Amino acid sequence: MLEPDYFARKREELGLDRADTLARVQKVLDERYGGRARARQLHQGVLRIVTPSASVASELRMRQTELLERCDLAGTRLAISIQGLDG
């Protein structure tokens, strides 16, 4: 018989919770920035976002608390890079 939290632990080990969280963050980014920012990675409490636009990067930095709260990621740090979205 499986232990009660077996599936929760496996989900975490495989990073499936992070994938769900990244999808949620990407939805918020798309609503606000219309495809000009991508949620790339969530690892060890750091959410990495890339954008080719310096103005979007600046706005993300100014609104990071709002974004993290809206995505239920309070306590997470935000790392924003200015680079192309492809690759």
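Above this text you will find the structure in question.
Residues numbered from 1 in each chain as written. Predicted model: local features only at pLDDT ≥ 70, side-chain atom pairs only at ≥ 80, totals over all residues. Heavy atoms only, no water.

Chemist: For this particular structure, what's the right way to read the pairing of strand 2 (residues 46–51)?
Modeler: Along any regular strand the residues' side chains alternate between the sheet's two faces. In terms of burial, strand 2 is largely enclosed, as 5 of its 6 residues are buried. Direction of pairing for strand 1 (residues 38–43) relative to strand 2: antiparallel, over a ladder of 5 bridges. Considered in strand 2, the bridge of Gln41 is made with Arg48. Adjacent in sequence and paired antiparallel, strand 1 and strand 2 are bridged by 2 residues, among which Gln44 carries a positive phi angle near 50°. Summarising the sheet, strand 2 and strand 3 (residues 77–82) pair through 6 bridges and their orientation is parallel. Looking at the pairing, Val50 lines up with Ser81 of strand 3. (Buried < 20%, exposed > 50% of the residue type's maximum accessible area, 1.4 Å probe, protein only. Helix = DSSP H or I, 4+ residues; strand = E, 2+ residues; numbered from the N terminus. Pairing = 2+ DSSP bridges.)

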